[in-house]
Amino acid sequence: RVAYVNGSFTPHLNAHVHIEDRGYQFADGVYEVCIVIDGRTYDFDGHYRRLERSLNELRMPAPMKRAPLEAVIRELLRRNRLRDALVYIQVTRGVAPRNHPFPPNGAEPVMVMTARRFNVSESDAKAAKGVKVISQPDIRWGRVDIKTVGLLPNVLAKQAAVEAGAAETFLVRDGVVTECSSSNAWIVDKSGVLITHPKGNHILGGITRETAIACAQELQLKVEERAFTLEEAKAATEAFMTSATSFVMPIVAIDDSRIGDGQPGPIAARLRNAYKNKACGN
Ligand code: PMP
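Sequence order sets the numbering: in each chain, residues are counted from 1 along the sequence as written. Totals for whole chains, interfaces and linings use every residue, but because this is a predicted model, local features are given only for residues with pLDDT of at least 70 and side-chain atom pairs only at 80 or more, for both listing and counting.

A. How the structure looks around the domain arrangement of the protein. As used throughout, domain bounds are those supplied by an automatic or database domain assignment. As assigned here, the protein comprises domain 1 (2-118) and domain 2 (123-279). Here domain 1 and domain 2 have C-alpha centroids that lie 26 Å from each other. By the criteria applied, helices consist of DSSP H or I runs no shorter than four residues and strands consist of E runs no shorter than two, each listed in order from the N terminus. Of all elements in the fold, only β3 (29-37), α2 (44-57) and β5 (85-92) reach the threshold of two or more residues within the side of domain 1 that touches domain 2. Counting residues per element, the side of domain 1 that touches domain 2 draws most heavily on β3, which supplies seven residues.

What follows is the structure, encoded as structure tokens:
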């Protein structure tokens, strides 16, 4: 395997950054995850725009424009002989003696990229059965709209899911389901209206969420971007989650409450199909 580290391609096994990297010490960095299927990036526009936004919010310069970034991704896939891949991009503020303020003389941002095989049919098989989720308090900070590498609360929430035999965790803040540890949360009410938490400081604005909203509108489904409670979710007709790596993933149980008839819902299935068609080559 080959990784990209600050301008060069190096064997994944010895791809390193310095111990004084601010990403390592302070989680002072941002990242993106996107999917490539059959050599085509999914929703790349959105992922690149969000990377720019995250960098901007942390007052970090963009280390690379869109075209060269895409060229690096293509080269990374070529060197790893991958057609279907999960691409990870991370940019940290760089290496400097440990001190909380930004380095006074600036620092060179450190950009790394990895790619690994992504198995679409595995994801489709999972979607055909649907997944279980649990719920946990949302203990994250007030700017989770920035895609920073500071993910400890998300890690703990996902670990709790794994230990409960579930795939994800609904995060609950002030009685409201904000999102999941690495995806956005959706429910469908009795009238077939799709409901998902509005954008703002308490969710990461998912790129898949955005494209799914557009797909829903094209399918003439009504979407309400509003807060919903855990109780509402448990009583929903359908539930699902969205992310770059899970597309639209049907949820069949929340904390041992069965959703609908315990099978993936028809709306989630339609939306998953529509998403896969719309996102490729974007
Ligand atoms: N919320 C969180 C907390 C996430 O980590 C992710 C995945 N990056 C998402 C939502 C979904 O975002 P996207 O659709 O852009 O993958």
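B. Layout of the nonpolar core. As used here, a nonpolar core is made of buried Ala, Val, Leu, Ile, Met, Phe, Trp, Tyr and Cys residues. They are joined through C-beta atoms within 7 Å. Exposure is read from a count of other C-beta atoms within 10 Å of each residue's own; the residue is exposed at 12 or fewer, buried at 20 or more and partly exposed in between. C-beta atoms are placed from the backbone. Val-133, Ala-239 and Ile-251 are the most contacted members of the largest nonpolar core, which has 65 residues in total. Top element by residues in this core is strand β14 (residues 247-254). It accounts for six residues. When residues of this core are sorted by domain, at least three fall in each of domain 1 (2-118) and domain 2 (123-279). Once you skip the residues sitting within four places of it in the chain, Val-133 turns out to touch Ala-161, Ala-166, Ala-167, Glu-168, Thr-169, Phe-170, Cys-180, Ile-251 and Ile-254. Contact between two residues is assigned whenever their backbone-derived C-beta positions fall within 7 Å.

C. Spatial organisation of the sheet that holds β3. If you walk across this open sheet you meet the six strands as β2-β1-β6-β5-β3-β4, and the pairing is antiparallel. Each end of this open sheet is capped by a strand with a single partner; those strands are β2 (8-11) and β4 (40-41). Whenever a helix is involved, its axis is fitted only over the stretch in contact; in every case the axis is a line through C-alpha atoms, and angles between N-to-C directions fall within 0 to 180 degrees. The strands touched by α2 are β3, β4 and β5; relative to β3, the strand with the most contacts, the crossing angle is about 175°. Pairing between strands requires that DSSP locate at least two bridges from one strand to the other.

D. Structural detail: the site of the ligand. We call a residue near a molecule or strand when its C-beta atom, built from the backbone, sits within 6 Å of it. Around the ligand, the surrounding shell holds 14 residues, and the nearest of these are Leu-204, Gly-206, Ile-207, Thr-208 and Ala-244. Ranked by residues supplied to the shell around the ligand, first place goes to helix α6 (residues 207-218) with three residues. Considering only residue class, the shell around the ligand consists of four nonpolar, eight polar and two charged. When residue character is reported, Ala, Val, Leu, Ile, Met, Phe, Trp, Tyr, Cys and Pro are called nonpolar, Asp, Glu, Lys and Arg charged, and the others, Gly included, polar.

E. Here's a closer look at the pairing of strand β8 (residues 168-173). In this structure, strand β7 (residues 131-137) lies alongside β8, joined through five bridges in parallel fashion. Along β8, the bridge assignment pairs Ser-135 with Phe-170. Handedness is read with the strands pointing away from the viewer; a crossover is right-handed when the path from the first strand over the helix to the second is clockwise. Following the chain from β7 across helix α5 (residues 152-163) to the adjacent parallel β8, one finds a crossover that is right-handed. One ladder, built from three bridges, connects β8 with strand β9 (residues 176-180); its direction is antiparallel. By the bridge assignment, Arg-173 is partnered in β9 with Val-176. What sits between β8 and β9 in their antiparallel hairpin is a turn of two residues, with Asp-174 showing a positive phi close to 50°.

F. Broad picture of the environment of Leu-204. Within the secondary structure, Leu-204 is located in the loop between β11 (194-196) and α6. Here the alpha-carbon distance between Leu-204 and Met-60, two residues 144 residues apart in the chain, equals 19 Å. Aside from chain neighbours lying at most four places away, what touches Leu-204 is Val-144, Asp-145, Lys-147 and Glu-179.

G. Up close: unusual backbone geometry. Phi at Asn-6 is positive, roughly 45°, even though this residue is not glycine. Despite not being glycine, Arg-81 has its phi angle at roughly 50°, a positive value. Following the sequence through the fold, Arg-81 ends up in the loop between α3 (66-79) and β5. The exposure class of Arg-81 is exposed, given the 10 C-beta atoms found within 10 Å.

H. Broad picture of the environment of Gly-130. Within the secondary structure, Gly-130 sits in the loop between α4 (120-129) and β7. Sequence separation of Gly-130 and Glu-163 is 33 residues, and the distance between their C-alpha atoms is 18 Å. Leaving out residues up to four positions away in the same chain, Gly-130 has contacts with Pro-250, Ile-251, Val-252, Gln-263 and Pro-264.

I. Just the environment of Ile-89, in detail. Secondary-structure assignment places Ile-89 in strand β5. Taking the C-alpha atoms as reference points, Ile-89 and Met-113, separated by 24 residues in sequence, lie 4.5 Å from one another. Excluding residues within four positions of it along the chain, Ile-89 makes contact with Tyr-31, Glu-32, Leu-51 and Met-113.

J. Summary view of α2. End to end, α2 covers 20 Å across 14 residues, agreeing with the expected 20 Å (1.5 Å per residue, within 8%). Residues of α2 that are buried include every one of Phe-44, Gly-46, His-47, Tyr-48, Arg-50, Leu-51, Ser-54 and Leu-55, and no others. Elements in contact with the buried residues of α2: β3, β4, α3, β5 and α6. Trailing α2 by a residue or two, Arg-59 shows a phi angle of about 55°, which is positive. Here, expected helix span is obtained from the residue count minus one, scaled by 1.5 Å.

K. Here's a closer look at the pairing of β7. Of all the seven residues making up β7, five are buried; the element is thus mostly covered by neighbouring parts of the structure. Two strands pair when backbone bridges link them, and β7 and β14 are joined in this way by three bridges, in the parallel orientation. Bridge assignment links Val-133 to a residue of β14, and that residue is Ile-254.

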